[in-house]
Amino acid sequence: MPSRDASRKSRVLLVNPPLWNPYAPHLAVPLLLAVLRRHGVAASALDLSAETMRFLLSEQGAGDYAAERGDLLSPRERDRFEAAGSAVDRAAAFLRSPESIEDVDGYRAATAVCHSVLDGVAALTPGAALSFDRFDLRDRPVGTRQVMRAVADPAHNPYCHVFERVLVPRLREMPELEIVGLSVSADSQLIAALTAARLVRRERPDVHITVGGNFVTRIADRLRPGHPFFDLVDSIVRYEGEESIVDLVDRLLAGRTLHGVAGILIPDGDELHRCPPSTASLGELPVPDFTDHPLTDGYLAPGPVLPVIASRSCAWKCAFCAIPFASDKFRIRAPEAVVAELDELHRRHGTRHFQFVDEILTVRSMRALSQGLADRDYRWYGETRFSPTIDRRLTDAMYAAGCRRLDLGLESYNQDVLDRMRKDVQASWIAPNLDALLASGISVHLFGIAGFPGEARWQTARTVEFAAATLARSRERYDVPDSTFGIGPFVLDALSPVAATPADFQVRVLHPDPTEDLQMTLRYDYLGPLPEPTSAEDLAVAARAERVLSSSLGTDDRPAEEVIFLRADQRKDRGADLGSDPGVRCPGPGWERLPLRPAGGWVIQRRSGQRTLLYEPRQGALLALPTRLLDALPGTAAELCATEEERDLLRTALHHHCLELADDGTGRLTSADQLTGDLLLRAAPGTELVRDGADAFLSSRTTGQRLRLSPSGAAVADLVAESGGGGRGGRGAGIRVADLESGFAPGSAPRLRTFVWRLLLTQLLSVESADRSPHQSTERR
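Here the residue index of a chain counts from 1 through its sequence in written order. In view of the model being predicted, local features appear only for residues whose pLDDT reaches at least 70, and side-chain atom pairs are presented and counted only at 80 or more, with totals across whole chains, interfaces and linings using the full set of residues. Just so you know, side-chain values use all the structure's heavy atoms and leave hydrogens and water out.

S.K.: Any details on empty space enclosed by the protein? Residues and values, ideally.
M.R.: Put simply, the grid is 1 Å and covers the protein atoms alone, a cavity is a trapped set of points that fit a 1.4 Å probe, a pocket is an open set with protein on both sides within 12 Å along at least five of seven lines, and lining residues have an atom within 4 Å of a point. Grid points are joined across faces, edges and corners, and a volume is the space filled by probe spheres set on the points. One pass over the structure, following the stated rule, counts 5 cavities of 30 Å³ or more. Taken as a whole, the second largest cavity spans an internal volume of roughly 70 Å³. Residue lining of the second largest cavity: L190, L194, V211, V216, I219, L223, F229, V233 and I236, and that is the complete set. Only runs of H or I of at least four residues qualify as helices and only runs of E of at least two qualify as strands under DSSP, and these elements are numbered from the N terminus. Among the secondary structure elements, those contributing two or more residues to the lining of the second largest cavity are α11 (190–203) and α12 (214–219). Polar here means any residue other than Ala, Val, Leu, Ile, Met, Phe, Trp, Tyr, Cys and Pro, which are nonpolar, and Asp, Glu, Lys and Arg, which are charged; Gly is therefore polar. Across the lining of the second largest cavity, the residue classes tally to 9 nonpolar, no polar and no charged.

Pasting the structure below:
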């Protein structure tokens, strides 16, 4: 936070109004602050969004708000509000502490307390609904009349009360103040920004008030001469502001006209003067200045998790999205500049956690970051898109460089819908991309869109099923428990390609409500046909579509992205994992003598001559097998296969979970789930642990199998050997599965058993029951 003396001398105050993300600072104001300070301007910043949330989520602030209007609460509501208010200081402090990342139940309880306080504030504010993510008031930011009514209505606008206590004292402490800049990135900030402008105008009528940001840019073309907003603000800056803010401040402080400032929109007699915007050079951006932000105690997550960028805008033009049409051209920063920025932010603030707030992290950017950050101990996440060039080599490098989470625009798992959306994505890329990320230990969030024009409900259901299967695979196969999914209805943005050429999408845009002159979401009718299911797989999805869609369409109750990211960082590094890709079976020597059967979840899609096509609808996987072999199951490959090609097909089917081991009635283990704690593990005859420098291998002289081990895998082998279960000599006592698990961290048992199961399949370990009955072994006796 700035010193009181530095704040008093500031001539410019930059403000981020509520409500923005309460978990981390927004990038715009710190970046503009750095630009001004580099230029020698005495400037300071105020994260009014963070201060508003900090005020309301405090016993003093909530009590102060209730004291003015407590008669609006029923006795029961008052008791609940007072109970929550008495606990909210502790709850908010807990959410800001590192303990909130590990203590999931505590996090939920603290969040519930804060929500109860916000519910109480909403009950004291007729027509309001308040949450961590959004303050919805009686008047909405969709029409000029509603906005102007709200800014002067303390009964229905909680910002009036809060800003009197948070913003006004700050203004009175700044005698040198000449310019206030308000950054409005989203519609949720508009009423708050103009409420703040009204108070600035009242307190300091001599101060120039300018407004900028993405949302202001989007509505600027709708403003006409004499618009009421210009009673509250003096100028608007459209598009990027790094160059404009310096020119605007220089001109104002020198008493010169603002005509010619890039992107400026100002009243000019009976007209509005508009100047074309400029494009900022990303190579000249300074390191964002967060020194005025409450990084240690102002946000509802431990951290700080600081926002950074590797690029601006988006190179793609998806039909539903307005980003490329409401921002400047797409550019990528030099990777060395990004790395240097993270280094400097780490030096200033001690943080090692970063969020890339790019609209899209390209593969090029991710590859460069993986190289540039490989020797740093930072953690980061961002948003990307599916690509044929995302593979395990890249994702492993990203994980090693600190990537712990990625958000991806799934939108739909139907190729025809993706094509209508102009996503430039092939559905066949999606599952391999996700498997590569998850196998490397990177959690994912999938965005979905329901009901894009021309999409049928059964197609939406397929997307939901695929996403649910991905989350299950993330948890169960890859031990990545924090992947998430969210889906919402298609919204027609006024600046999107669909709105620009609605006939191309068989859409008719309906006439807007004339009182909603700021509304960016358009009403429409879809005039075209909806696709009918034709294949057996389509019909199966359609039959269960309503059941699927009647359930939750996404993890809307998930914690904030920052919290999930920090939890992902708490997971044990992949380098300490027991084995790679633990959910995929790796059948070793002797597998062909194990009885096989079709795995659950696969259905026959089509029989064609001697081949049968199998389909797994939840993962979207396809596999063709000889009909003769499929009809003969259960059985062993040695018994059924006539050629080496048929053996390879069955081995592939086992590897991809299309087949599974069957119980042949002998009591032989058929899955890792049967590894109970009382079973004894020993190294198989001829197996030894070999060390070569820092590397460790399990090697079998009997089968020739050789398996490279991670440090944890080598620790397992050491424990087995130390127990007398070594494979060189005789039959040692062995080690019980439960005793082996006790030597590892709590929660690692599923991965440990999967690793042991892999060693059993490859005949590098053997297992017996405690009474030494050999029939429990997976080995062929």
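S.K.: An account of the packing of helix α8 (residues 144–151) against α11 is needed here, citing residue identities and associated values.
M.R.: The description of two helices packed together rests on the angle between their axes and the distance between the axes. At a minimum axis distance of 9 Å, the contact between α8 and α11 shows a crossing angle of 50°. The orientation of α8 with respect to α11, classified from their angle, is oblique. Note that α8 runs across α11; the crossing there is right-handed. Contacts from V147, A150 and V151 in α8 reach L190, I191, L194, T195 and R198 in α11. To define axes, lines are fitted to C-alpha atoms, for helices over the stretch in contact only, and angles between the resulting N-to-C directions are given on a 0 to 180 degree scale. Just so you know how the angles are binned, under 35 degrees is roughly parallel, over 145 roughly antiparallel, 65 to 115 roughly perpendicular, and the rest oblique. The sense of a crossing depends on the near helix, which, turned anticlockwise from the far helix by less than a right angle, makes the crossing left-handed and, turned clockwise, makes it right-handed. Contact between two residues is taken to exist if any of their heavy atoms lie within 4.5 Å; hydrogens are not considered.

S.K.: Which residues make up the side chain of R405, and what values go with them?
M.R.: As for its position among the elements, R405 is in strand β15 (residues 403–411). Per-residue accessibility, obtained with a 1.4 Å probe over protein chains only, is compared with the maximum for each type, and a residue is labelled buried under 20%, exposed over 50%, and partly exposed between these values. Here R405 falls in the buried class, since its relative accessible area comes to 0%. Nitrogen and oxygen atoms within 3.5 Å of one another constitute a polar contact, given that in protein one can donate a hydrogen and the other can accept it, and given that sequence-neighbouring residues count only through two side-chain atoms. Engagement of the side chain of R405 in a polar contact is seen with the side chain of E561, the distance being 2.8 Å.

S.K.: Please provide a residue-by-residue account of the environment of G382, values included.
M.R.: Relative to the elements of secondary structure, G382 occurs in strand β14 (residues 379–384). Residue classification places G382 among the buried positions, given a relative accessible area of 3%. Note: C-alpha distance between G382 and C403 (21 residues apart in sequence) is 8.5 Å. Setting aside chain neighbours within four positions, we find G382 in contact with F356, L361, R405, L406 and D407.

S.K.: Before we move on, could you go through the packing of helix α4 (residues 59–69) against helix α9 (residues 158–166) and cite the residues and values that matter?
M.R.: For the pair α4 and α9, interaxial distance at closest approach is 11 Å and the crossing angle is 125°. Looking at the two axes, α4 sits oblique to α9. With respect to the hand of their crossing, α4 and α9 are arranged in right-handed fashion. Contact residues: D64, Y65 and E68 in α4; P158, H161 and R165 in α9.

S.K.: A description of the pairing of β15 should follow, citing residues and the corresponding values.
M.R.: Among the 9 residues of β15, 9 are classified as buried, and the element is accordingly described as predominantly covered. Looking at chain direction, β14 and β15 are connected through 5 bridges and run parallel. Across the sheet, the residue bridging to Y381 is R405, located in β15. Look down the strands so they point away from you; if going from the first strand over the helix to the second traces a clockwise path, that crossover is right-handed. Where the polypeptide runs from β14 across helix α16 (residues 392–400) and back to β15, its parallel neighbour, the crossover connection is right-handed. When DSSP finds two or more bridges between two strands, those strands count as paired.

S.K.: Would you mind going over helix α13 (residues 242–254) in detail, with residue names and values included?
M.R.: Taking 1.5 Å per residue, 13 residues should reach 18 Å; α13 reaches 19 Å between its end C-alpha atoms and fits that length. Inspection of α13 places E242, S244, I245, V246, L248, V249 and R251 among the buried residues, and these make up the whole buried set. Following α13 by one or two positions, G255 adopts a phi angle in the positive range, close to 75°. In a helix, the anticipated span is given by 1.5 Å times the number of residues less one.

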